[in-house]
Amino acid sequence: MPTANSAPPPAVSLSSCRAVWYPAAVAERIDGKAIAKRVRAEVAEQAAAFERQHGRAVSLHVVLVGDDPASHVYVRNKERAAAKAGIDGEVHRLDASTSQEEVEALVRRLNADAGVDGILVQLPLPEGLDARPIVELIDPKKDVDGLTTHNAGTVLGAGDGLYPCTPRGCMRLLRETGVDLRGKHALVIGRSQLVGRPMAIMLLASHATVTIAHRHTDPLEPLVRQADVLVVAVGRANLIPGDWIKPGAVVIDVGINRTVDGKLTGDVDFEGAQSRASAITPVPGGVGPMTIAMLLSNAVRAANLRADTP
Ligand code: GUN
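The structure reproduced in this document is the subject of the present report. The residue numbers shown here count from 1 along each chain, following its written sequence. Only residues with pLDDT of at least 70 are given local features in this predicted model, and only at 80 or more are side-chain atom pairs given and counted; all residues enter the totals for whole chains, interfaces and linings. As a convention, hydrogens and water are excluded, and side-chain values are obtained from all of the structure's heavy atoms.

Bringing the overall build of the protein into the picture now. For helices the rule is a DSSP run of H or I covering at least 4 residues; for strands it is a run of E covering at least 2, with both sets numbered from the N terminus onward. A tally of regular secondary structure across the protein gives 10 helices and 11 strands. In terms of overall dimensions, the protein has a C-alpha envelope of 100 × 45 × 40 Å along the principal axes. For the protein, the proportion of its 310 residues judged to be buried stands at 45%. The long-range fraction of contacts in the protein, counting pairs at least 24 apart against all pairs at least 6 apart in sequence, stands at 70%. Note on areas: Shrake-Rupley with a 1.4 Å probe; residue coverage comes only from the protein chains shown. Total accessible area on the protein is roughly 16200 Å²; 53% of this is exposed by carbon and sulfur atoms. Whether a residue is buried, partly exposed or exposed follows from its accessible area with a 1.4 Å probe, protein chains only, as a fraction of its type maximum: under 20%, in between, or over 50%, in that order. The criterion used for residue contact is that any of the two residues' heavy atoms lie within 4.5 Å.

Here it is, written out as structure tokens:
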């Protein structure tokens, strides 16, 4: 009598032999919210240590001119996060009709005040105000945005300084993925003073081979296809289709765009990219939370820089 083991295999018709389907690997989701929380906790410890040592809290001052609703939301978030980390300070809310001279006078006063560690002028400024000379007035040691020419120079390697918050946040996210940047092809799309340019220099300092693309770069696709590390900071929803992503690439999406149905989305097609990348930041919850965390980190760094070299 045949047993189960000795039974002949069932006949299989050729038409039932289909290719085995393996689900595509899904990229690690880089959790900016969780990482930012950790950074804020580290900053709170550093702020407490500063206070113990110097008998006063780190102090961050924000200059907010006019009534741009988004700027008011951003500044409120910065204010709350600073307070939670034990950082003191003040938001100087000025009317949209404030003159260039009045804003500059305030910056000068904050520069001269020994109890002020960090100064941030929220951008954009209302029409009629010229941001560049106002930003340039900020004492580089208090320039927590890293926006002055002096600090742009320090990013380029000219000594110690304060680096822009968003690229610093992106670098921290990259570090958390464990990617070794040495010799990797890194593509930065966007060349703004605040993000793209400093980002490219920081990647270079970590020994990546860096390409910067911008609105005149054509074609963009082959550059994206060869990028092991992709940082996109353009502000155009789904600019980068998922199937352009090099398999295994690490993707940092700095874009925050609102779709017609009111949702937030990045510059990269997240769903498409997820099945090709090895790690990717979501929007929201990726780079965004890191910017504020790094601002707080810069405020403590500014306080320590001034304490070390009065
Ligand atoms: N407006 C939007 N983001 C920023 C920022 O990081 N710093 C400043 N100063 N203004 C901004």
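Let us now look at the nonpolar core. Nonpolar cores are built from buried Ala, Val, Leu, Ile, Met, Phe, Trp, Tyr and Cys residues. Side-chain atoms within 4.5 Å join them into one set. In terms of nonpolar packing, the biggest core is built from 54 residues, with Ile87, Leu174, Leu203 and Ile252 touching the most fellow members. With 11 residues, the single largest contributor to this core is helix α10 (residues 288-308). Apart from the residues lying within four places of it in its own chain, the contact partners of Ile252 are Ile30, Cys170, Leu173, Leu174, Leu230, Val231, Val232, Thr281 and Val287. The next biggest cluster of nonpolar side chains, apart from the first, holds 20 residues, and it includes Val232, Ala249, Val268 and Ala277.

On to the pattern of salt bridges, then. Oppositely charged side chains can pair when the atoms bearing their charge come close. Salt bridges are defined as contacts in which a side-chain nitrogen from Lys or Arg sits within 4 Å of a carboxyl oxygen from Asp or Glu. According to the stated counting rule, one finds 10 salt bridges in the structure shown. Among the salt bridges present, the one from Asp117 reaches Arg56, with a minimum N-O distance of 2.8 Å. Taken together, the positions of Asp117 in the loop between α3 (100-112) and β4 (118-121) and Arg56 in the loop between α1 (32-54) and β2 (59-65) put the pair 61 residues apart, joining distant regions of the chain. Under the relative-accessibility criterion, Arg56 is labelled partly exposed at 27%.

Further remarks concern a positive patch on the surface. Residues qualify for a patch when their relative accessible area is over 30% and they have no salt bridge, like charges being joined within 9 Å and the nonpolar side chains of Val, Leu, Ile, Met, Phe, Trp and Tyr within 5 Å. By the counting rule applied here, Lys and Arg register as positive and Asp and Glu as negative, while His and the ends of each chain are not counted. Note that the charge is assigned to NZ on lysines, CZ on arginines, CG on aspartates and CD on glutamates. Taken together, the side chains of Lys37, Arg76, Arg80 and Lys84 present a region of like positive charge at the surface. Among the elements that line the positive patch, the one with the most residues is helix α2 (residues 69-84), at 3 residues. As for its placement among the helices and strands, Arg76 is situated in helix α2. Residue classification places Arg76 among the partly exposed residues on the basis of a relative accessible area of 38%.

Below, the discussion takes up unusual backbone geometry. Here the residue pair Leu123 and Pro124 is connected by a cis peptide bond, since its omega of 0° sits within 30 degrees of zero. Considering the arrangement of structural elements, one finds Pro124 in the loop between β4 and α4 (131-137). The linkage connecting Val283 with the following residue, Pro284, adopts the cis geometry, with an omega of 0°. Mapped onto the elements, Pro284 comes out in the loop between β11 (279-280) and α10. Positive phi outside glycine occurs at Asn238, with the angle close to 55°. On the secondary structure map, Asn238 appears in the loop between β7 (229-232) and β8 (250-253).

All right, on to empty space enclosed by the protein then. Definitions used throughout: a 1 Å grid over protein atoms alone; a cavity as a set of points that fits a 1.4 Å probe which cannot get out; a pocket as an open set with protein on both sides within 12 Å along at least five of seven lines; a lining residue as one with an atom within 4 Å of a point. Grid points are joined across faces, edges and corners, and a volume is the space filled by probe spheres set on the points. If you walk through the whole model with that rule in mind, you get 1 cavity of 30 Å³ or more. Counted as a void, the largest cavity has a volume near 40 Å³. Among the elements that take part in the lining of the largest cavity, strand β5 (residues 185-189) stands out by supplying 3 residues, more than any other. The residue inventory of the lining of the largest cavity, partitioned by class, reads 4 nonpolar, 4 polar and no charged. Note on residue categories: nonpolar means Ala, Val, Leu, Ile, Met, Phe, Trp, Tyr, Cys or Pro, charged means Asp, Glu, Lys or Arg, and polar means any other residue, Gly included.

This part takes up the sheet that holds β8. Hydrogen bonding along the main chain pairs the strands of a sheet, whether they run parallel or antiparallel. Should DSSP find at least two bridges between two strands, the strands are regarded as paired. Reading across from one edge, β1-β11-β8-β7-β5-β6 is the order of the 6 strands in this open sheet, with parallel pairing throughout. Strands at the two margins of the open sheet, each flanked by one partner only, are β1 (28-29) and β6 (209-213). One ladder, built from 2 bridges, connects β1 with β11; its direction is parallel. Its bridge partner lying in β11, Glu28 is registered against Ala279. For every element, the axis is a line fit to its C-alpha atoms; helices are fit only across the contacting stretch, and the angle between N-to-C directions ranges from 0 to 180 degrees. Packed onto the sheet, helix α7 (residues 196-205) meets β5, β6 and β7 and runs at close to 170° relative to β5.

Further remarks concern α1. Since the α-helix packs 3.6 residues into each turn, any two residues three or four apart lie on the same face. How far a helix is expected to stretch is found by multiplying one less than its residue total by 1.5 Å. Over its 23 residues, α1 runs 32 Å from end to end, which matches the ideal 33 Å to within 8%, given 1.5 Å per residue. Inspection of α1 places Gly32, Ile35, Ala36, Val39, Val43, Ala47 and Phe50 among the buried residues, and these make up the whole buried set. Taken from the residues just after α1, Gly55 is the one with a positive phi, measuring 70°.

Moving on, we come to the sheet that holds β4. With parallel pairing, 3 strands are arranged side by side in an open sheet as β3-β2-β4. The open sheet is flanked by β3 (88-94) and β4, the only strands paired with a single partner. In this sheet, adjacent strand axes meet at a mean angle of 15° when their direction is disregarded.

Next up on the list: the environment of Ala205. Turning to its location among the elements, Ala205 is positioned in helix α7. By relative accessible area, which is 54% here, Ala205 ends up exposed. Remark: the alpha-carbon pair of Ala205 and Leu156, spanning 49 residues in sequence, is separated by 8.6 Å.

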